[in-house]
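# Residue-level structure breakdown
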Amino acid sequence: MKQFLIITFATILLSPIAQAATDTVILDEVGVQNLRIETVIAEYQEFETSVFAIGRIEEIPTNRSVLSSRIAGRVTKLNAFVGDYVEEGQVLATVESRLIGDPPPSIELKASHHGLIIDSHVRLGQPVEPNAELMDISDRNQLWAIAKIPEREAAQVDIGTLAHIKIPALGKQGLDATLVRFGVDADRQAGTIDGIFLIDNSEGKLRPGMRAEFSVVLSKRPNVLMVPRVAIQGDPANRIIFVKDFDLPNAFVRLPVVLGEKNDKFVEVLSGLFPGDDVVTRGSYSLSFAGNSSSISLKEALDAAHGHEHNEDGSELTEDQKRAPKTSTEQTQGSSQEPSPALLIYAGVTTLLLIIFAQLLWKKSRASK
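Note that the structure is predicted; figures quoted are calculated from it, not measured.

## A few points about the overall build of the chain
Each helix and strand counted, the chain has eight helices and 22 strands in total. Looking at the chain as a whole, 35% of its 369 residues qualify as buried. Within the chain, contacts between residues separated by at least 24 positions form 70% of all contacts whose residues are at least 6 apart in sequence. Working note: accessible area of the chain is about 22100 Å², and carbon and sulfur atoms make up 54% of it.

Okay, here's the thing in structure tokens:
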């Protein structure tokens, strides 16, 4: 039993050494460039609890006007077409009256509002009547972004609530807006309520009908340690992140973490990470599979960083190991080609444990007969 306890204790001592080597991924410069590794410093920030919603960009109903004629006649001049931006008071068309005259009297049709001509129902020479809409003009300097907010979260959203809005058609560019009103009806099938956000479109990049993704902010908490969502890897039961090693260049350590809340960009880290850790964001997924393809061993990286030799598992050489002469094979191939003493001890201890356990089972079996 005494021998069993000694061997077990030795196994426990050696396990962290082997585990440290397993959890460290070391790349060369080419590997880092190919994976395009990017990192951020973990720090305490203000965490926003939010709800995700999808929706569309829509025109503000009061910002649309129409061009019409107050007399019956015929269009003799047409100065603007679909897609043109017009100013208030600009002459868009000329209509010749049906009244007798030489020439017949004409009137100019002017834009009642500045904006974009989005539709035209008139052609040159076309007869027109006073009740006909000739052109539709839309002022799109401001638009509505309408979010389909789930009913269960709608109670936490008030007028003035902030939302981070992403428009896929604009790429990574995002914008912030505040809630100005709610829709008058709920969507019975989807179980959502329209939340209407006023957004600026002075650059004219947005179009009604574009898809929008909303992160509606419900609350904020200060001093939360969090990392970008892209940094999180692993399955739901075993979440991990990679951080840069403080000592070794191009070395990344796999850390198990416990997560808390998440929003559209960040995840709260409850344990396993410390402020100041350099967390891998871009390239973290690839690092999960890079351990076996690393072109640099832990021993080589430590030797280069510290200027002296280490064992294969990264542990320091003992005094006996330093004094022991190298064999001709070791001198030719280098110590990196031979198993380290620590790993040999670990393998021997494991084998002895199995033998002792088998003997105990055999003795117990004989005693029971």
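## Let's talk about the sheet that holds strand β9 (residues 115–120)
In spatial order, the strands read β4-β11-β9-β6; together these four strands make up an open sheet with antiparallel pairing. Each edge of the open sheet is held by one strand with a lone partner, namely β4 (64–68) and β6 (85–86). Sheet analysis places β4 next to strand β11 (residues 133–138), joined by five bridges and oriented antiparallel. Following the sheet pairing, Ser-68 is matched in β11 by Glu-133.

## Some remarks on the pairing of strand β16 (residues 211–228)
Note on strand geometry: in a regular strand, side chains alternate between the two faces of the sheet. Pairing analysis gives 13 bridges linking strand β3 (residues 43–58) to β16, with the strands arranged antiparallel. The residue of β16 that forms the bridge with Ser-50 is Val-217. Looking at chain direction, β16 and strand β21 (residues 266–271) are connected through three bridges and run antiparallel. In the sheet register, Pro-228 faces β21, and the bridge partner there is Phe-266.

## Regarding the environment of Ile-241
Topologically, Ile-241 is positioned in strand β18 (residues 238–244). For Ile-241, a relative accessible area of 0% corresponds to the buried category. With ten residues separating them in the primary sequence, Ile-241 and Ala-231 have C-alpha atoms 6.0 Å apart. Apart from the residues within four sequence positions on either side, Ile-241 is in contact with Ala-231, Ile-232, Val-253, Arg-254, Leu-255, Val-257, Leu-273 and Val-279.

## Details of the nonpolar core
Formed by 21 residues in total, the largest nonpolar core has its most connected members in Ile-57, Ile-165, Phe-197, Ile-199 and Phe-214. Elements supplying a minimum of two residues to this core: β3, β12 (142–150), β13 (162–166), β14 (174–187), β15 (192–200) and β16. Setting aside residues no more than four positions away along its own chain, Phe-214 makes contact with Val-51, Phe-52, Ala-53, Ile-54, Gly-55, Ala-145, Ile-146, Ala-147, His-164, Ile-165 and Phe-197.

## A few points about the packing of aromatic side chains
Summed over the entire model, instances satisfying the criterion amount to two aromatic pairs. When the centroid spacing of 5.2 Å and the interplanar angle of 65 degrees are considered together, the rings of Tyr-285 and Phe-289 count as edge-to-face. In terms of burial, Tyr-285 and Phe-289 fall into one category: exposed.

## Structural notes on the confidence of the model for the chain
With 79% of its residues at a pLDDT of 70 or more, the chain has an overall mean of 82. Considering only residues more than four positions removed or in separate chains, one finds that residues 1–20, a stretch of pLDDT under 50, has 16 contacts. Considering only residues more than four positions removed or in separate chains, one finds that residues 332–337, a stretch of pLDDT under 50, has eight contacts.

## What to know about the pattern of salt bridges
According to the stated counting rule, one finds 13 salt bridges in the structure shown. In this structure, Lys-220 engages Glu-48 in a salt bridge whose closest nitrogen and oxygen atoms are separated by 4.0 Å. With Lys-220 in strand β16 and Glu-48 in strand β3, this residue pair connects regions lying 172 residues apart in the sequence. By relative accessible area, which is 45% here, Lys-220 ends up partly exposed. With its nearest N and O atoms 3.9 Å apart, the salt bridge here joins Asp-136 to Arg-64. Residue Asp-136 is located in strand β11, and its partner Arg-64 is located in strand β4; the two are separated by 72 residues in the primary sequence. Its relative accessible area of 40% is what places Arg-64 among the partly exposed residues. Here the salt bridges share partners, and the residues they tie into one network are Glu-59, Arg-64, Asp-136 and Arg-140.

## Some words on the environment of Ser-112
The topology assignment puts Ser-112 in the loop between β8 (106–110) and β9. C-alpha separation for the pair Ser-112 and Glu-87, spaced 25 residues apart in sequence, amounts to 8.5 Å. Every residue in contact with Ser-112, bar those within four places of it in the chain, is listed here: Ser-65, Val-66 and Glu-88.

## A few points about unusual backbone geometry
One non-glycine residue, Asn-223, adopts positive backbone phi at about 55 degrees. With respect to the secondary-structure elements, Asn-223 resides in strand β16. Here Asn-223 falls in the exposed class, since its relative accessible area comes to 62%. With a phi close to 60 degrees, Asn-250 is a non-glycine residue in the positive phi region.

## With respect to the sheet that holds β8
Strand order in the open sheet formed by four strands is β8-β7-β5-β10, and the pairing between neighbours is antiparallel. Among the strands making up the open sheet, the edge pair consists of β8 and β10 (127–128). Two elements, strand β7 (residues 91–97) and β8, share five bridges in a ladder whose sense is antiparallel. From the neighbouring strand, Thr-94 faces β8, where its bridge partner is Glu-108.

The rules behind these values
- Residues numbered from 1 in each chain as written.
- Predicted model: local features only at pLDDT ≥ 70, side-chain atom pairs only at ≥ 80, totals over all residues.
- Heavy atoms only, no water.
- Helix = DSSP H or I, 4+ residues; strand = E, 2+ residues; numbered from the N terminus.
- Buried < 20%, exposed > 50% of the residue type's maximum accessible area, 1.4 Å probe, protein only.
- Contact = heavy atoms within 4.5 Å.
- Areas by Shrake-Rupley, 256 points an atom, 1.4 Å probe, with all protein chains shown as cover.
- Pairing = 2+ DSSP bridges.
- Core = buried A, V, L, I, M, F, W, Y, C linked by side-chain atoms within 4.5 Å.
- Phe/Tyr/Trp six-rings, centres within 6.5 Å; stacked < 30°, edge-to-face > 60°.
- pLDDT = per-residue confidence, 0-100.
- Salt bridge = Lys/Arg side-chain N within 4 Å of Asp/Glu carboxyl O.

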